[in-house]
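Here are the chains, one letter per residue:
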Amino acid sequence: SNAVRNDQGHFNGAGEAARHWDADDAVSSRCSKCHSGSDGYRYFLKYGVEKPNATQDNGLDCGTCHEKVGQGGQWDLIEVQEVTFPNGKKVALMAKADISNLCGTCHSGRESKASVDATIASGKLSFRNVHYLPAAATLAGGDAQIGYEYTGKTYVKAWTHPPGTTCTDCHDPKATNHGFKITQAVYAATCGKTCHSTTPKLEDIKKSSRGTTDYDGDGTAENLGSELAGMAAKVKAQILVAAGANKICYDSHAYPYWFIDTNGNGTCETSEANYGNSYKSWTPALLKAAYNYQFWAKEPGAWSHNFDYMAQLLYDSLADIGGATTGMTRP
C-alpha cells in the first residue's frame, strides 16, 4: 500500500516529459536541452545551442546535474555561470556559479516579450506558449523580461530571499529525496521551523511587509497565492469579454490552450478543446493578456518566486484589455 509505481518530477520516465518523443527514438533539437538528460543539457551548456536528435533518457539521469570527481565515487554539482533566457538575455541568478543557474537553465521558459512583439509585428498573430514551470523567468523578473511587460510601465527586477538565496534552500534535495517538491511536511521540517515558525501552513505565507493589502480587489487580504489567483481570474474573465463576438475559451490541459467557444458558454467543452478548433481571431491586446495569463497558469510557484513581478503583469494585462482595476493594488 505504500508503493509508488512511478518516480516523481524529473525522474518520472513514464511521464509525458520523457515519453513524448518515443515515435522518433530521439528528442528534437527544440526540446533536447531539458528533455534528454545529460546528453542534451551538457551539449547546450558547452555550445549554447540545442543538440539535434539527442538521446532519449528515462527521466533525467544523475549526470545531468552532477559529475563524478576522483576515484572515490564522489559526485559534485556542475557549475553554471548564468541562465540564457529565450530572448538571448543572460542573467546570473543570485550569483555566478550558483545552483540556481543550473536549475534556471531549464526553468527559463520558451517565449518572451520579444517573441510576442515579433509575432505582432509580423501581422500573423498566433498564441505564444511560455511553456511549463518557468520559475527562473519569474524569479529574474524584469532582468529577463519573459513576461509581457507593457510600454511605459516599470517592473521589478530579480527577487532575492535573504535567509536562503538558492533554489535548493527551499527545494531541498535531501529533504525531498531529490523530488524538489515542497510538501507541507518538508516545509514544517525546514522553513517552518525557522523564519516562518509563526506560519504553520505553507500556503499561508505572507511577507510581513504586505500588511493587509488587498491586491486582487475582492475585499479580503489573502495569502499571496490567492491574491494572484484572484487577479488572474479577472484577467481571464476580461479576455472573454474583450474577444467580443469572436468567442474564446481556455483549457489548461489541451494544447494550444485557447479555443473557439462555439457554444458561447465561457468554458471549453471536450469537443471544443482540440487543435483544429484553436483560437485564431487574435488582436495584439488579447495576445499579450493571454500570454501573461498562461505565464501565471503554468507557474504555480509565482507567489513565492517573485510575487510583485507576476502581480504587475496581471494588473497591467487587465488594464490594457479594458478591465476595471478599482480596489486592486499594483505592487
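Just so it is clear, the model here is predicted, and its values are computed rather than measured.

Rules of the game
Residues numbered from 1 in each chain as written. Predicted model: local features only at pLDDT ≥ 70, side-chain atom pairs only at ≥ 80, totals over all residues. Heavy atoms only, no water. Core = buried A, V, L, I, M, F, W, Y, C linked by side-chain atoms within 4.5 Å. Buried < 20%, exposed > 50% of the residue type's maximum accessible area, 1.4 Å probe, protein only. Helix = DSSP H or I, 4+ residues; strand = E, 2+ residues; numbered from the N terminus. Contact = heavy atoms within 4.5 Å. Phe/Tyr/Trp six-rings, centres within 6.5 Å; stacked < 30°, edge-to-face > 60°. Lys NZ or Arg CZ within 6 Å of the ring centre and 35° of its normal. Axes fitted to C-alpha atoms, helices over the stretch in contact; angles between N-to-C directions. Parallel < 35°, antiparallel > 145°, perpendicular 65-115°, else oblique. Left-handed = near helix turned anticlockwise from the far one by under 90°. Nonpolar A, V, L, I, M, F, W, Y, C, P; charged D, E, K, R; others polar.

**Topic: the nonpolar core**
- By size, the foremost hydrophobic cluster in this structure holds 53 residues, and its most contacted members are Phe85, Leu228, Met231, Ile239, Trp258 and Trp282.
- Of all the secondary structure elements, the ones that give two or more residues to this core are α6 (135-140), α9 (224-242), β5 (248-250), α10 (284-297) and α11 (302-320).
- Leave out the neighbours within four places in its chain, and Leu228 touches Trp296, Ala302, Trp303, Phe307, Met310, Ala311 and Leu314.
- In this structure, Cys249, Phe259, Cys268 and Ala273 belong to the second largest nonpolar core, which totals 5 residues.

**Quick word on the packing of aromatic side chains**
- Inspection of every chain in the model, using the stated rule, returns 14 aromatic pairs.
- When the centroid spacing of 5.2 Å and the interplanar angle of 75° are considered together, the rings of Tyr148 and Tyr150 count as edge-to-face. Across this residue pair, the class does not change: Tyr148 and Tyr150 are buried.
- The interplanar angle of 70° and the centroid separation of 4.9 Å between the aromatic rings of Tyr215 and Phe307 together place this pair among those described as edge-to-face. Here Tyr215, found in the loop between α8 (184-189) and α9, pairs with Phe307, found in helix α11; they are 92 residues apart in sequence, far enough to count as distant. As far as the burial class goes, Tyr215 and Phe307 line up, both buried.
- Members of the aromatic cluster, connected to one another through ring pairs, are Phe127, Tyr250, Trp258, Tyr279, Trp282, Tyr293 and Trp296.
- Above the face of the Phe44 ring, Lys33 is positioned so that its terminal group lies 4.8 Å from the ring centre.
- Against the face of Tyr155 rests Arg330, its NZ or CZ located 5.2 Å from the ring centre.

**Some remarks on the packing of α9 against α10**
- Contact geometry of α9 with α10 gives a least axis separation of 10 Å together with a crossing angle of 150°. The orientation of α9 with respect to α10, classified from their angle, is roughly antiparallel. α10 is crossed by α9, and the crossing has left-handed handedness. Packed against α9, whose contacting residues are Leu228, Ala229, Ala232, Val235, Lys236, Ile239 and Ala242, the element α10 presents Leu286, Ala289, Ala290, Tyr293 and Trp296 at the interface.
- Looking at side-chain class alone, the contact of α9 with α10 contains 11 nonpolar, no polar and 1 charged residues.

**Observations concerning the packing of helix α5 (residues 113-122) against α10**
- Contact geometry for α5 and α10: axes closest at 11 Å, N-to-C directions at 155°. In this view, α5 runs roughly antiparallel relative to α10, as classed from their interaxial angle. Considering how the two elements wind past one another, α5 and α10 form a crossing that is right-handed. For the pair α5 and α10, contact is made by Lys113, Val116, Thr119 and Ile120 and by Pro284, Leu287, Lys288 and Tyr291, respectively.
- Tallied by class, residues from the contact of α5 with α10 come to 5 nonpolar, 1 polar and 2 charged.

Read these as layout, nothing more, since geometry by itself doesn't imply function.
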